[in-house]
Amino acid sequence: MKSVSLRGLARGFGVGALVSAAAVDLAYAAALETGPWPVAAVLLFGAVAVLWPVDRRPAWLTPQVRTAVPAGVSVLYTVVSLKYADVPFGPGELTILLCLLFIAVRHCPRRWVVACGVLVGGAVLALPVRALRSIPDTMTGFMLIGLALIGLTAGFAAYLRSMDYRRTVAVSETRRSERLAIAADLHDFVAHHVTGILVQTQVARMMADSRQDDLDPVLAGIERAATQALASMRRTVGVLRDTGTEPADRRPVGDLAGIAGLTDGFASPHQKVTLLRDPTVRDDLPHEVQAAAFRVVQEALTNVRRHAGDATQVTVRLRRDGGRLEVSVTDDGRGGSQLPDAAHGGGFGLVGLKERVTALGGDLHAGPRFGHGWEVRAAFPV
């Protein structure tokens, strides 16, 4: 409310100053042979173009129309006045033309900027010709002052236009990077769940004949994984289609509490998954650190399914070491997997994970354990 009131106060001050300057012009024109009406018409065209409120401005009143028409009227009045004696000009018309020049440089479409700017600038430089053509030296001095005012106004408007462009580019890049991050989230979630569906489907096929009593939990796990994958895709597509403000709970993110859900729903009948969480690891860690830790565990568990289907023991460990959070996932697999080649992924999961971890100032290690098995370990400064 305070910024709105200050903006309204500044606008009111500007309107008052412009009206006062226009009154000076009309006072000068009152003594003219033609009377004040031509000057009043020129000022009216310019004032309407400058002061028409944005929220009430019709579609046809584009920036090029707002600048070209009043500037053309001013130039026409200058040409007509040449058959009379010197016609004085006042600060009102000059101020309006400089405002129009600002509008032309900052707001006109790119292909119209030069044309509208030159037209308005020519109208400014024509003012001394109208009033001082009988005094060439004085007219030249006023034209030099006009050139300086044109340069300052156009330069300031061009600077603000460049800032607008940079802001637009920054917003576009931010949106693009955010959507890429959302796409990466979708890949992580769906790859994790779909890989689980594949593994549990294979188990179900093996159990269909010999262990039908144990088949129902496996089928329930398949149903749960498929439901979670669809929910993740639905949330992400909803975010990508939303061009406005995104609700905080719609983006598929993870946290430390979500790691327990990952481990609970991961294990196959022949596997045991253990989550070891140090009591010093609290839930008030920075959100980006929690989300990255969740991704580390998710990617590591997905890789166990893809590349170490014979693992019987998987351990997920969370602990604090001074000012760092350490996340590790180890397994005792020997590289056995019965998944089809198309389900093994493109090999870029750890690359993206390393980028995510290093962006937070952390370290990531992934490699074989002594003897057999694999370990993924990440450390984040908190």
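Owing to the predicted nature of the structure, the values given are computational and were not obtained by experimental measurement. (Residues numbered from 1 in each chain as written. Predicted model: local features only at pLDDT ≥ 70, side-chain atom pairs only at ≥ 80, totals over all residues. Heavy atoms only, no water.)

### As for the overall build of the protein
Across its full length, the protein carries 10 helices and 5 strands. A total accessible area of about 21,300 Å² is found for the protein, and carbon and sulfur atoms account for 63% of it. (Helix = DSSP H or I, 4+ residues; strand = E, 2+ residues; numbered from the N terminus. Areas by Shrake-Rupley, 256 points an atom, 1.4 Å probe, with all protein chains shown as cover.)

### Considerations on the packing of aromatic side chains
With the rule as written, the count across this model stands at 2 aromatic pairs. Centroid distance F102 to F156: 6.0 Å. Interplanar angle 35°. Geometry classified as tilted. Residue F102 is found in helix α4 (residues 91-107), and its partner F156 is found in helix α6 (residues 136-210); the two are separated by 54 residues along the sequence. Judged by relative accessible area, which is 21%, F102 ranks as partly exposed. Judged by its relative accessible area of 47%, F156 is partly exposed. (Phe/Tyr/Trp six-rings, centres within 6.5 Å; stacked < 30°, edge-to-face > 60°. Buried < 20%, exposed > 50% of the residue type's maximum accessible area, 1.4 Å probe, protein only.)

### Looking at the pairing of strand β1 (residues 272-277)
Side-chain direction in a regular strand flips from residue to residue, so the side chains alternate between the two faces of the sheet. Sheet topology places β1 next to strand β2 (residues 313-321); 6 bridges connect them, and they run parallel. Bridging across to β2, K272 finds its partner in Q313. With respect to chirality, the unit in which β1 leads through helix α9 (residues 287-307) into the neighbouring parallel β2 is left-handed. (Pairing = 2+ DSSP bridges. Right-handed = clockwise from strand over helix to strand, strands pointing away.)

### Observations regarding helix α2 (residues 37-51)
With 15 residues, α2 extends 20 Å between its outermost C-alpha atoms, agreeing within 8% with the 21 Å of an ideal straight helix rising 1.5 Å per residue. Within the span of α2, buried status applies to V39, V42, L43, G46, A49 and V50. Buried residues in α2, looked at end-on, bunch into an arc of 130°, giving them a common side. Away from the buried face of α2 by more than 90 degrees, exposed residues W37 and L44 are located. (Expected span 1.5 Å × (residues − 1). Arc of directions from axis to C-beta.)

### Digging into the sheet that holds strand β5 (residues 374-381)
Spatial strand order, β1-β2-β3-β5-β4: 5 strands in an open sheet with mixed pairing. Each edge of the open sheet carries a strand with a single partner, namely β1 and β4 (363-368). Averaged over all pairs of adjacent strands, the angle between strand axes in this sheet comes to 10°, irrespective of strand direction. Examined bridge by bridge, strand β3 (residues 324-331) and β5 share 8 bridges and lie antiparallel to one another. Counterpart to V327 in the pairing with β5 is A378. The strands touched by helix α8 (residues 256-264) are β1, β2 and β3; relative to β1, the strand with the most contacts, the crossing angle is about 160°. Contacting β2, β3 and β5, α9 runs over the sheet at an angle of about 10° to β3. (Axes fitted to C-alpha atoms, helices over the stretch in contact; angles between N-to-C directions. Contact = heavy atoms within 4.5 Å.)

### Details of the confidence of the model for the protein
Here the protein shows a mean pLDDT of 79. Residues at 70 or above account for 74%. Per-residue pLDDT stays below 50 along residues 245-252; that stretch engages in 17 contacts with residues further than four places along the chain or on separate chains. Note on residues 339-347: pLDDT under 50 across the span, and 14 contacts to partners over four residues away in sequence or across chains. (pLDDT = per-residue confidence, 0-100.)

### Quick look at the environment of P63
Along the chain, P63 falls in helix α3 (residues 63-81). Between the alpha carbons of P63 and V105 there is a distance of 9.6 Å; along the sequence they are 42 residues apart. In contact with P63, other than residues within four places in its own chain, are I103, H107 and C108.

### Concerning the pattern of salt bridges
Applying the stated criterion to the full structure yields 8 salt bridges. The salt bridge partner of R277 is D283, with a shortest N-O separation of 2.5 Å. For D363, the salt bridge identified is with R324, shortest N-O distance 3.1 Å. Taken together, the residues span a long stretch of sequence, with D363 in strand β4 and R324 in strand β3 at a distance of 39 residues. D363 sits in the partly exposed class, given a relative accessible area of 47%. (Salt bridge = Lys/Arg side-chain N within 4 Å of Asp/Glu carboxyl O.)

### Notes on the side chain of Q64
Following the sequence through the fold, Q64 ends up in helix α3. Sequence-distant contacts of Q64, that is, excluding residues within four places in its chain, are made with C108, P109, W112 and C116.

### A look at the pairing of β3
In terms of residue burial, β3 counts as a mostly covered element, since 7 of its 8 residues are buried. Sheet topology note: the β2/β3 ladder contains 8 bridges and is antiparallel. Among the inter-strand pairings, V314 is bridged to a residue of β3, identified as D331. Between the antiparallel neighbours β2 and β3 lie 2 residues, among them G322 with a positive phi of about 65°.

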